[in-house]
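# A look at the structure
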Amino acid sequence: MTCPFSYSNSRAAMSTSSDLQPDLPSQSHSDTPSSFELPSSRFTFWLILCAMILLATNMRAPIVALGSIAPVVQDALNISETQIGWLGAVPMLTFAVGALIAPSIGKRFGLENTLIAMIALLTTGMIIRTVIPTWSGFLIGTLLLTLAIGFANTLAAPVIKQRTPKHIPLITGLFSLTMTVTAGIVAGVVLPLSEQVGWQWALGGWSLLGIFAIIIWIFLRLRLGSSSHQAIVPPISGTSEISMWRTPFAWQIAVFMGLQSLLFYTVASFLPSIWVSKGLSAVQAGQMGSVFQFMAPVSILSLTWLINRGRPIQALAVFAAVLNVIGVLGISYLSTDLAWLWSGLMGIGCSAIFTLSMMLFSLRTYTTNQSSELSGMSQFVGYLIAFFGPLGTGWLHEATGSWDLPLFIMLILMVINVVIAWMVSRPVMVDGKKL
């Protein structure tokens, strides 16, 4: 069997989409110093891949780490459950704010320059949470690092589209895979690590990954230049004045990604508690959280392989949405003996939808700017939707004393997302033109 992540296979798989990249900037030798030789496409591929992987290691670890160690932090800072709930909800708001303003800032200062600044901000936020062990310090640190993640979420797709347009599924898949694997590792080790070195080091120690990411992104910026200084090729006629806020496709993908994020962050926050209420022990319930996280690599590897093999994106999107429906249905009404199956299906579905959304930001747009704007608009709306997941689920559980109503509402939303999945994954471009 051919490896789904080979460089040559990625080129072959994306050859049909290379015609949809009319705006890709190219630097002539007259734009660069005579002593500086432009890097080869193979070098660019590997440099972007390494930079994206290091960026991805910082994208979920700080969020998941807090969820895994929340009771310890609550006791250490002497804060209420409501304050912990806000720490779980704040990321969605700052992700949305970051997504809204990232495209214009990335366009003004360059994608690479902006990402370097955001990785530095993310690392600073992690350090602040460690060195200022108070409620205000923890909140400020969380605000900073999650705002930076919101920027990175938005600008990752246009960087991939601009720098490696023939390898969009491959690099996007590995980017998403790295995020989920890192999150799973952190979720499993942060609590026992806190017992050995203390909660502050257990949370703040991951800032080393941010430092490594800054180094590789600075090298990338120096070696490849900044996107803000590259020549702008006029876009295809009729594609330059697309408003994402008035485009049906943009709203479809925003809702598609938003409902997935709502499920993901709700499950990440409450899955162990839900399973305990269904009769599982605390240990078993915690293991279900790990199953949910660790099924993501299976999902992303399979998805990337299937797309590289030419399988239709529409079928994959609908299938992923259906898996979420089955998972929520299983948690709500079916046997707890199959708790691992219901948790795993949701892990597969959520990861597949997130990865597909990231791919569509690039595959369904004509230009890098459009990719950035679609990513920003979709994630702004999507994370606003996701904000009400943990917050609303927690409120309904407290109000009713049961998980039944929150789970029933979640089931209805996931059924709706099956329809949205079919709509958003049709073979059309952002302006509605058929591929």
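All of the points below concern the structure found in this document. (Residues numbered from 1 in each chain as written. Predicted model: local features only at pLDDT ≥ 70, side-chain atom pairs only at ≥ 80, totals over all residues. Heavy atoms only, no water.)

### So, the overall build of the chain
Tallying secondary structure elements over the chain gives 15 helices and 0 strands in all. Within the chain, the proportion of its 435 residues that are buried is 55%. Intrachain contacts of the chain at a sequence separation of at least 6 include 85% that bridge at least 24 residues. A total accessible area of about 17800 Å² is found for the chain, and carbon and sulfur atoms account for 67% of it. (Helix = DSSP H or I, 4+ residues; strand = E, 2+ residues; numbered from the N terminus. Buried < 20%, exposed > 50% of the residue type's maximum accessible area, 1.4 Å probe, protein only. Contact = heavy atoms within 4.5 Å. Areas by Shrake-Rupley, 256 points an atom, 1.4 Å probe, with all protein chains shown as cover.)

### What to know about the side chain of T266
Inspection of the secondary structure puts T266 in helix 10 (residues 248–277). Beyond its immediate stretch of four places on either side in the chain, T266 contacts L271, G389, P390, T393 and M410.

### Some thoughts on the nonpolar core
Inside soluble globular proteins, nonpolar side chains tend to come together where they are buried. By size, the foremost hydrophobic cluster in this structure holds 112 residues, and its most contacted members are M52, L55, F175, W217, W275 and Y383. Ranked by residue count, the leading element in this core is helix 10, at 16 residues. Apart from residues lying up to four places away in sequence, L55 is in contact with L115, I119, A152, F175, A213 and W217. Formed by 16 residues, the second largest nonpolar core is a distinct cluster that contains I69, A70, L77 and V186. (Core = buried A, V, L, I, M, F, W, Y, C linked by side-chain atoms within 4.5 Å.)

### Some words on helix 6 (residues 135–163)
Across its 29 residues, helix 6 extends 41 Å between first and last C-alpha, which sits within 8% of the 42 Å expected from 1.5 Å per residue. Approximately 35 degrees is the largest bend angle found in helix 6, and it occurs at L155, with the proline P158 only one to four residues beyond. For helix 6, a buried count of 22 out of 29 residues is recorded, marking the element as mostly surrounded by other parts of the structure. (Expected span 1.5 Å × (residues − 1). Bend = angle between axes of the 7 residues up to and from the residue.)

### Description of the pattern of salt bridges
Inspection of every chain in the model, using the stated rule, returns 2 salt bridges. Across the salt bridge formed by E112 and R163, the nearest N and O atoms sit 2.8 Å from each other. Pair noted here: E112 is in helix 5 (residues 111–131) and R163 is in helix 6, with a separation of 51 residues, a long-range link. Per residue, the accessibility class of E112 equals that of R163, and both read buried. Notably, a salt bridge pairs K433 with D431, separated by 4.0 Å at the nearest N-O pair. (Salt bridge = Lys/Arg side-chain N within 4 Å of Asp/Glu carboxyl O.)

### Some remarks on helix 2 (residues 41–56)
For helix 2, built from 16 residues, the straight-helix expectation of 22 Å at 1.5 Å per residue is met to within 8% by its first-to-last C-alpha distance of 22 Å. Of the residues making up helix 2, those classed as buried are T44, F45, L47, I48, L49, A51, M52, L55 and A56.

### Examining the packing of helix 10 against helix 13 (residues 339–363)
Across the interface, helix 10 lies against helix 13 with an axial gap of 10 Å and an inter-helix angle of 150 degrees. If you check the angle between helix 10 and helix 13, you find them roughly antiparallel. Here helix 10 and helix 13 pass one another in a crossing that is left-handed. Only A339, W342, S343, M346, C350, I353, F354, S357, L360 and F361 of helix 13 make contact with helix 10, whose side of the interface consists of I253, F256, M257, Q260, L263, F264, V267, L271 and W275. A breakdown of the residues in the contact of helix 10 with helix 13 according to their chemical character gives 16 nonpolar, 3 polar and no charged. (Axes fitted to C-alpha atoms, helices over the stretch in contact; angles between N-to-C directions. Parallel < 35°, antiparallel > 145°, perpendicular 65-115°, else oblique. Left-handed = near helix turned anticlockwise from the far one by under 90°. Nonpolar A, V, L, I, M, F, W, Y, C, P; charged D, E, K, R; others polar.)

### Overview of the packing of aromatic side chains
Here the structure, examined in full by the defined rule, presents 10 aromatic pairs. Ring centres 4.9 Å apart and planes at 65 degrees place the aromatic pair F95 and Y383 in the edge-to-face group. Of this pair, F95 sits in helix 4 (residues 81–109) while Y383 sits in helix 14 (residues 368–400), and the two are 288 residues apart along the sequence. Here the two residues F95 and Y383 agree in accessibility, since each one is buried. A ring pair is formed by F270 and W403, whose centres lie 5.4 Å apart and whose planes are at 50 degrees; its orientation type is tilted. With F270 in helix 10 and W403 in the loop between helix 14 and helix 15 (404–424), this pair connects stretches of sequence that are 133 residues apart. For the residue pair F270 and W403, the accessibility class agrees, reading buried in each case. An aromatic cluster is present here, built from F95, F264, Y265, F292 and Y383 joined pairwise through their rings. (Phe/Tyr/Trp six-rings, centres within 6.5 Å; stacked < 30°, edge-to-face > 60°.)

### Section: the packing of helix 10 against helix 11 (residues 282–308)
Two numbers describe how helix 10 lies on helix 11: the axes approach to 7 Å, and their chain directions differ by 155 degrees. Our classification of the angle between helix 10 and helix 11 gives roughly antiparallel. Judged by the twist between their axes, the crossing of helix 10 over helix 11 is right-handed. Contacts from F264, V267, A268, L271, P272, W275 and V276 in helix 10 reach A282, A285, G286, M288, G289, F292 and Q293 in helix 11. Here the residues of the contact of helix 10 with helix 11 sort into 11 nonpolar, 3 polar and no charged.

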